[in-house]
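# Residue-level structure breakdown
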Amino acid sequence: MSVEYFMLAAGWLVWCCLHSLLISQTVSERLQLWLGKYQFYYRLFFNLIAVVTLLPLMVATASLRGETVYSWHGLWQLLRFGGVAICLWLFRDGAKNYDTGFLLGVSQIRLRQHHTLLVENGKFSRRGALGIIRHPWYSGSFLLLWTALPSYHQSSVIAAGVLSLYLLVGSWLEEQKILLEYGDEYRRYQQQVSMLFPWKWLMRKMRGRQ
């Protein structure tokens, strides 16, 4: 790996680590305590940091490119379009169960409260996609990383690879935070619904056909 690609991978890795650090239970609680009466601005601050630090990496990835690693051709395009369609459905259906204001960080400021699940009532739902997988946005993001582009060059594969690992780690970290807040109620949900790939849902469907 050349120096440019090594630096790109390191940049994405640093971004993922920073992102994970800021959403970790320990760091977020300490920063909110430090912010005092401004603690409800934390989500908005987190989103701004994420976007500002993400843009340079996206520009670097698009400009560096490199050799083509793989492209979607012929009938394989159907697989790609299918992945994009599933991704869009996961984002759309998952969004029904989240409050956009809480996601952006403005509802916390308005209502002077915050919840791990980013919903006003603080309760998690099992409707739609959440009855199939626990983290539809993480699964949708994974599909988007590997199907969004018609061709993947060295730089885009590096970015997608690092971000895919981050999605696995990020989903696990989020699970730990939710477990602290919801305990046994969420553990029962974990036992019934898979985290990222719908193994348990598929097994139930297969048993139902027998």
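Residues numbered from 1 in each chain as written. Predicted model: local features only at pLDDT ≥ 70, side-chain atom pairs only at ≥ 80, totals over all residues. Heavy atoms only, no water.

## Examining the environment of Y5
Condition: The way it works is that DSSP assigns letters per residue, a run of H or I at least four long becomes a helix, a run of E at least two long becomes a strand, and they are numbered from the N terminus. Residue contacts are counted whenever heavy atoms from the two residues lie within 4.5 Å of one another. We call two N or O atoms a polar contact when they sit within 3.5 Å, provided that within protein one can donate a hydrogen and the other can accept it, with sequence-adjacent residues counted only if both atoms are side-chain atoms.
Relative to the helices and strands, Y5 resides in helix α1 (residues 3–23). If near-sequence neighbours (up to four positions away) are discounted, Y5 is found in contact with L64, R65, G66, E67, Q154, S155 and I158. Within the local environment of Y5, its side chain forms a polar contact with the side chain of Q154, the two groups lying 3.2 Å apart.

## A closer look at the nonpolar core
Worth spelling out the cut-off: Only buried residues count toward a nonpolar core, which is a set of Ala, Val, Leu, Ile, Met, Phe, Trp, Tyr and Cys residues joined through side-chain atoms within 4.5 Å. Three labels apply to residues, based on accessible area from a 1.4 Å probe with only protein chains included: buried if under 20% of the type maximum, exposed if over 50%, partly exposed otherwise in between.
Formed by 14 residues in total, the largest nonpolar core has its most connected members in W12, W15, C16 and L163. Residue assignment for this core shows that the elements contributing at least two residues are α1, α3 (42–64) and α8 (154–182). Per-element tally for this core: the top contributor is α1, with six residues. If sequence neighbours within four positions are ignored, W12 has contacts with L54, L57, M58, T61, A159, V162 and L163. Judged by nonpolar contacts, the second largest core, of seven residues, contains L130, I178, L179 and Y189.

## Topic: the confidence of the model for the protein
Using the following cut-off: Known as pLDDT, the predictor's per-residue confidence is scaled from 0 to 100.
On average, residues of the protein score 84 in pLDDT, and 86% of them are at 70 or above. Within the protein, no element has a lower average pLDDT than helix α5 (residues 100–104), which sits at 68, and none a higher one than strand β2 (residues 151–153), at 94.

## Comments concerning the side chain of S139
Checked against the element boundaries, S139 lands in helix α7 (residues 136–147). With relative accessibility at 9%, the residue S139 sits in the buried group.

## A look at the packing of α1 against α3
Each pair of packed helices gets described by two things: the angle between the helix axes and the distance between those axes. Test applied: For helices, the fitted axis covers only the stretch in contact; all axes are lines through C-alpha atoms, and the angles between them, taken along N-to-C directions, range from 0 to 180 degrees. Each angle receives one of four descriptions, namely roughly parallel if under 35 degrees, roughly antiparallel if over 145, roughly perpendicular if within 65 to 115, and oblique otherwise. Just so you know the grouping, Ala, Val, Leu, Ile, Met, Phe, Trp, Tyr, Cys and Pro go in nonpolar, Asp, Glu, Lys and Arg go in charged, and all remaining residues, Gly too, go in polar.
Between α1 and α3, the least distance of the axes is 11 Å, while the angle of their chain directions is 170°. With respect to α3, the axis of α1 lies roughly antiparallel. For the pair α1 and α3, contact is made by E4, Y5, L8, G11, W12, W15, L18, H19, L22 and I23 and by Y42, F46, I49, A50, T53, L54, L57, M58, A60, T61 and L64, respectively. Of the residues assigned to the contact of α1 with α3, the class counts are 16 nonpolar, four polar and one charged.

## Some remarks on the packing of aromatic side chains
Basically, it comes down to this: Only the six-membered ring of Trp is used, alongside the rings of Phe and Tyr, when aromatic pairs are assigned; centres must lie within 6.5 Å, and planes under 30 degrees apart are stacked while those over 60 apart are edge-to-face, with the rest tilted.
Under the defined criterion, the tally for this structure stands at seven aromatic pairs. Where Y70 meets W72, the ring centres are 6.0 Å apart and the plane angle is 75°; that geometry is what we call edge-to-face. A residue is classified by how much of its surface remains accessible, and W72, at 13% relative accessible area, is buried.

## Considerations on the packing of helix α4 (residues 76–95) against α7
Keep this limit in mind: Here a crossing is called left-handed whenever its near helix is offset anticlockwise from the far helix by less than a right angle, and right-handed whenever the offset is clockwise.
Viewed as axis vectors pointing N to C, α4 and α7 meet at an angle of 155°, and their least axial separation amounts to 8 Å. In this view, α4 runs roughly antiparallel relative to α7, as classed from their interaxial angle. In the crossing of α4 with α7, the sense of the turn from one axis to the other is left-handed. Between α4, through R80, G83, V84, I86, C87, L90, F91, G94 and A95, and α7, the contact on the second element is made entirely by P136, W137, S139, G140, S141, L143, L144 and T147.

## Considering the layout of surface pockets
Threshold: A cavity, in this analysis, means grid points on a 1 Å lattice covering only the protein atoms where a 1.4 Å probe fits yet has no way out; a pocket is instead an open set bounded by protein on both sides within 12 Å along at least five of seven lines, and a residue lines either one if it has an atom within 4 Å of a point. Grid points are joined across faces, edges and corners, and a volume is the space filled by probe spheres set on the points.
The computed volume of the second largest pocket comes to approximately 350 Å³. If you trace the second largest pocket, you find 14 residues lining it, with S139, L143, L196, F197 and P198 closest to the centre. Mapped by element, the contributors of at least two residues to the lining of the second largest pocket are α4, α7 and α8. Looking at the lining of the second largest pocket residue by residue, the classes come out as 13 nonpolar, one polar and no charged.

## Details of unusual backbone geometry
A positive phi angle is found at R65, which is not glycine, with a value near 50°. Tracing the backbone through its elements, the reader meets R65 in the loop between α3 and β1 (68–71). A relative accessible area of 43% places R65 in the partly exposed class.

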